[in-house]
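For reference, the chains in residue letters:
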Amino acid sequence: MLATLRRIVQEVSAAPDLPKALAITVNRIRDTMQVAACTVYLADEDNRSYRLMATVGLNPQAVGQVRLNHGEGLVGLVAERQEPIHLEDALRHPRFHPVSALGEEAYHAFLGAPLIQYRRVLGVLVVQDTAVRQFQPDDVDFLVTIAAQLASILNHAILSGATQELLDPLTTGVRTLHGVPGAPGIAMGIVTVPHLLADLDDVPDRPAQNGAAEEAALHAAIAAVEQELCAASDRLAPRLPPTEQALFAVYRMMLSSDSLIGEARAGIQAGHWAPAAWRDAVLARVRLLEQAEDPYLSTRAEDIRDLGRRVLHRLRAAPLHALEPAAGRCVLAAEEMSVAHLAAAPPEQLAGIVCLRGSALSHVALLARAMGIPAVMGLGDRPLGRFEGSEVIVDGYRGRVYLNPDPATRAEYQRIMSADAKLSAELGNLRDLPAETRDGYRIPLYAKAGLPADVAAARTVGVEGIGLYRTEFAFMVRESFPSEEEQVALYRPILTAFTPRPVVMRTLDIGGDKNLPYFAIAESNPFLGWRGMRFTLDHPDIFLTQVRAMLRANIGLDTLRILFPMITTVEEVDEALRLLARAEQELREEGYAVTHPPVGVMIEVPAAAWQTGQLAQRVDFLSVGANDLTQYLLAVDRDNARVANLYDSLHPAMLKTLAHIIEQGHRAGRPVNLGGELASDPGAAVLLLGMGVDGLNPSTVSVPRVKWAIRSFTHAEARELAQQALELDTVRQIRRLLDAALRRAGLDEIIHEPT
Ligand code: PEP
Ligand code: MG
């Protein structure tokens, strides 16, 4: 059973589109279970009804036509109960709902299983048989297991609107993709995929400009790979046994197969450019071989894919296939965006960001916020390359992406963009005003920064300095560790740009989702692993070089503050302070007039939160890393889109922990600032002020809204809000409380904007 199940899942996953995936599903299940009918119903957009999308055994004309409401008929009952239903004779069940178009009257035995993903019923899978009979427990297990697997495969197809596309060919090309909000705002532009044509699945559809030239390029690419194989075979001949040598001949035969080349040529003649025609021909063959039961043939599927890739590689080199960067505003799309991708894109051209992996707390999303670029994360597996060159709308508030939007959608988003621009222009007036409550209580707002582009952005929004400069981003866009001199050259302009205002520079915080291309750390639980201070204390050379550079960059300015990330124990702080003192001492001996800067620790691990008092005695200030503190307190990976709905820094446990940190920090006489995205949420900012936080680091793009919120309340109102929030049991109640307060203060326009 397991082998059959695996094979079916493999086949369905490899299907080129949703209709084929569903057809494979119903056919294979019917054959395996030896039943008369198998049918798939999928949830409609409104999620209230289930539409028949594929069947073997029932009337094929009913596909796309028959729809059952939630709770209607046996299918509706399976969806309603969210559990399998097994009936010897469905026709005698009171909920049996005869649909004349289906021809179900001939079927008595019924077994239905819900397709559930992330608590949502995506559809119902049904098998039926003509006899009045019981299905065996094995049958039920099989259907339930395959339904669980299918739900996860189908989830993305359903969310991306492919079901709609299937029903209404007129909408083909328009797609709504659902992800998680990464950075707020709306962007419109053309999709650009870095590293395109790296793999067959990524090849975008494009028309051939010149069919003859495309064919010639394809033949040249195939010939080049054939030559490559010949050369490799000659080179290795003396060292390879004859059986292995023969493989090269097999590869060459596969490559020069008339049918493969013929199919690719037919694709070109049908108007496609060579990479897409080649992709289709190769993948069709791969699918065919993968379906074979024979292990020899399924191994050949990998071989043909590899050969296909090699030819693609050659095709990519042909000038004919150069992918010119999208003119005008582009939306960068990648599976995992690296900081280097972001840094390389010209800021005036970069409109938006779309990422298949990650969540709002991934570092790329944080950077996007700092740079004011709307982003959607966690879109899940998609053939991204195929979207290259398409027009797209990125809705960073709701986490939606619209590909090839229709005029109505475009007009609606243009309206939202204008309203956003108007509000931003109005709030621009607050630039030179302090974040001060109506009764004159002032809380400094500091920016977060990491790349030159967001340091520049931070200067335009009216902040009192930089509250968190993430030094690791500069390390991530290089090819080796920067030297002391290079780091001085990096830090000095940042300190100078903000003098006399302070700049808090955090020592290297790599690990977790921040890896250096030249120092890979492979761990199974990277967020619980070698991160931040843990790494730098194990590499005092790297730490000393960095703090020496900071101290030197600060000479004559005295605006530097140093912050230690990911602190878990007091010993780590003692050790870091000892190294810092050593660096200061050595620099003085070398003749540098360095001064001792104020030093702080990040409170972002629950253990540190519960030792706030002891930590505070050792340093000058505390900075709460609310992003990490939330992840560690709630045990929710900040980078995992699957559990993004559980991640919320307004969790009651977070508020209680924050209250404890603030109280302990103040008892030790140290200011407590708050970094992390919680500070970017206008309602939360008022709450934090009320709780007694001494400074906030919102993301640059959120500074005007946060300032607006703070200037709309009195200190007493904020304190009252904090007291009420601390009494509540759920995130939902806390959010409601904050929304109601914002509404009363006349701030409706910023409610429900995910920050
Ligand atoms: C945090 O954890 O809240 C924080 C500010 O640091 P980072 O997001 O860079 O981990
Ligand atoms: Mg952190």
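Being a predicted model, the structure only gives us computed values, none of them experimental.

Draft legend 1. Local environment of empty space enclosed by the protein. For the coordinates displayed, the defined rule picks out five cavities of 30 Å³ or more. If you add up the space inside the largest cavity, you get close to 100 Å³. For the lining of the largest cavity, the element with the highest residue contribution is helix α3 (residues 73–81), accounting for three residues. A per-class count over the lining of the largest cavity returns eight nonpolar, two polar and one charged. Counted as a void, the second largest cavity has a volume near 80 Å³. The wall of the second largest cavity is formed by 13 residues, among which Arg470, Arg506, Glu604, Asn627 and Asp628 lie closest to the centre. For the lining of the second largest cavity, the elements supplying multiple residues, two or more each, are β16 (466–470) and α22 (626–634). Of the residues forming the lining of the second largest cavity, the biggest block, three residues, is contributed by α22. Looking at the lining of the second largest cavity, its residues break down into three nonpolar, four polar and six charged.

Draft legend 2. Molecular detail of the nonpolar core. Core analysis: the biggest nonpolar cluster contains 127 residues, and Leu658, Leu674 and Leu696 have the highest contact counts within it. Of the residues forming this core, the biggest block, eight residues, is contributed by helix α18 (residues 540–553). Of the domains in this structure, domain 2 (178–196 + 325–406) and domain 4 (437–750) are the two that each give at least three residues to this core. Sequence-distant contacts of Leu674, defined by excluding residues within four places in its chain, comprise Val624, Ala626, Leu658, Ala679, Leu688, Val693, Gly695, Leu696 and Asn697.

Draft legend 3. Structural view of the domain arrangement of the protein. Considered domain by domain, the protein is made up of domain 1 (2–171), domain 2 (178–196 + 325–406), domain 3 (198–321) and domain 4 (437–750). Relative placement of domain 2 and domain 4: their C-alpha centres are 26 Å apart. With 18 residues of domain 2 at the interface, the matching set in domain 4 holds 23 residues. Here domain 2 meets domain 4 over a buried area of about 1,800 Å², counting both sides, of which 69% is carbon and sulfur. Inspection of the domain 2/domain 4 interface yields one salt bridge. When the shortest N-O distance is used, the salt bridge between Glu677 and Arg369 registers 2.8 Å. Inspection of the region where domain 2 meets domain 4 yields seven residue pairs in polar contact (both at pLDDT 80 or more). Elements represented by at least two residues in the side of domain 2 that touches domain 4 include exactly α11 (339–344) and α12 (363–371). When the residues that make up the side of domain 2 that touches domain 4 are grouped by side-chain class, the tally is 11 nonpolar, six polar and one charged.

Draft legend 4. Geometry of the pairing of strand β19 (residues 599–603). Among the five residues in β19, five count as buried, and that is most of the element. Residue alternation in β19 divides its side chains into two sets, Val599, Val601 and Ile603 and Gly600 and Met602, and both sets are buried. The pairing of strand β18 (residues 560–564) with β19 spans three bridges and is parallel. Pairing of Ile562 across the sheet is with Val599, part of β19. A crossover connection joins β18 to the parallel β19 through helix α19 (residues 570–589); in handedness this β-α-β unit is right-handed. Bridging between β19 and strand β20 (residues 621–625) involves four bridges; their strand directions are parallel.

Draft legend 5. Structural view of the packing of helix α24 (residues 682–691) against helix α26 (residues 715–726). Running from N to C, α24 and α26 point in directions that differ by 95°, and their axes come no closer than 7 Å. The orientation of α24 relative to α26 falls into the category roughly perpendicular. Only His715, Ala718, Arg719, Leu721, Ala722 and Ala725 of α26 make contact with α24, whose side of the interface consists of Val686, Leu687, Leu689, Gly690 and Met691. Residues that form the contact of α24 with α26 fall into these classes: eight nonpolar, two polar and one charged.

Draft legend 6. A look at the layout of surface pockets. In this structure, the second largest pocket encloses a volume near 830 Å³. Taken together, 40 residues form the lining of the second largest pocket, with Met371, Gly372, Ile373, Ser424 and Val701 sitting closest to its centre. Taken together, the residues that form the lining of the second largest pocket break down as 24 nonpolar, nine polar and seven charged. Residue assignment places the lining of the second largest pocket across two domains, with domain 2 (178–196 + 325–406) and domain 4 (437–750) each supplying three or more.

Draft legend 7. Focus on the coordination of the magnesium ion (ligand 2). Distances from the magnesium ion (ligand 2) to its protein donors, Glu604 (OE) and Asp628 (OD), fall within 2.0 to 2.1 Å. Of this pair, Glu604 sits in the loop between β19 and α20 (606–609) while Asp628 sits in helix α22, placing them 24 residues apart in sequence. In terms of burial, Glu604 and Asp628 fall into one category: buried.

Draft legend 8. Representation of α12. The buried count for α12 comes to nine of nine residues, which makes it a mostly enclosed element. Among the residues of α12, His363, Val364, Ala365, Leu366, Leu367, Ala368, Arg369, Ala370 and Met371 are the ones counted as buried.

Draft legend 9. View of the packing of helix α13 (residues 407–427) against helix α25 (residues 703–710). Contact pair α13 / α25: the axes reach a minimum separation of 10 Å and the direction vectors enclose 65°. Both α13 and α25 take part in a crossing whose hand is left-handed. Contacts between α13 and α25 involve Asp420, Leu423, Ser424 and Leu427 from the first element and Pro704, Arg705 and Trp708 from the second. Of the residues that constitute the contact of α13 with α25, the class distribution is four nonpolar, one polar and two charged.

Draft legend 10. Region of the structure containing the sheet that holds strand β22 (residues 695–696). Across the sheet, eight strands lie side by side as β15-β16-β17-β18-β19-β20-β21-β22; this open sheet has parallel pairing. Pairing within the sheet leaves two strands with one partner each, and these edge strands are β15 (447–449) and β22. Of the strands in this sheet, β16, β19, β20 and β21 (672–675) are in contact with α22, which crosses β20 at around 60°.

Draft legend 11. Quick peek at the site of ligand 1. Around ligand 1 there are 16 residues in total, and Arg470, Arg506, Gly625, Asn627 and Arg638 lie nearest to it. Contact distances for ligand 1 include 2.7 Å between an oxygen atom and a side-chain N or O atom of Arg470. In the environment of ligand 1, an oxygen atom lies 3.0 Å from a nitrogen or oxygen atom belonging to the side chain of Glu604. When the free accessible area of ligand 1 is taken as 280 Å², the share hidden by the protein chains comes to 100%. Put simply, ligand 1 lies in the second largest cavity. Listing elements by their share of the shell around ligand 1, those giving two or more residues are α12, β16 and α22. Here the element with the most residues in the shell around ligand 1 is α22; it accounts for three residues.

What counts and how
- Residues numbered from 1 in each chain as written.
- Chains lettered and ligands numbered in written order.
- Predicted model: local features only at pLDDT ≥ 70, side-chain atom pairs only at ≥ 80, totals over all residues.
- Heavy atoms only, no water.
- 1 Å grid on protein atoms, 1.4 Å probe; cavity = no way out; pocket = protein on both sides within 12 Å on 5 of 7 lines; lining within 4 Å.
- Points joined across faces, edges and corners; volume = space filled by probe spheres on them.
- Helix = DSSP H or I, 4+ residues; strand = E, 2+ residues; numbered from the N terminus.
- Nonpolar A, V, L, I, M, F, W, Y, C, P; charged D, E, K, R; others polar.
- Core = buried A, V, L, I, M, F, W, Y, C linked by side-chain atoms within 4.5 Å.
- Buried < 20%, exposed > 50% of the residue type's maximum accessible area, 1.4 Å probe, protein only.
- Domains from an automatic or database assignment.
- Contact = heavy atoms within 4.5 Å.
- Buried area = accessible area lost by both parts, 1.4 Å probe.
- Salt bridge = Lys/Arg side-chain N within 4 Å of Asp/Glu carboxyl O.
- Polar contact = N/O pair within 3.5 Å; in protein donor to acceptor, adjacent residues only side chain to side chain.
- Pairing = 2+ DSSP bridges.
- Right-handed = clockwise from strand over helix to strand, strands pointing away.
- Axes fitted to C-alpha atoms, helices over the stretch in contact; angles between N-to-C directions.
- Parallel < 35°, antiparallel > 145°, perpendicular 65-115°, else oblique.
- Donors = N, O, S within 2.8 Å, 3.2 Å for Na, K, Ca; no water.
- Left-handed = near helix turned anticlockwise from the far one by under 90°.
- Near = heavy atom within 4 Å.
- Areas by Shrake-Rupley, 256 points an atom, 1.4 Å probe, with all protein chains shown as cover.
- Sits in = over half its atoms within 2 Å of the grid points.

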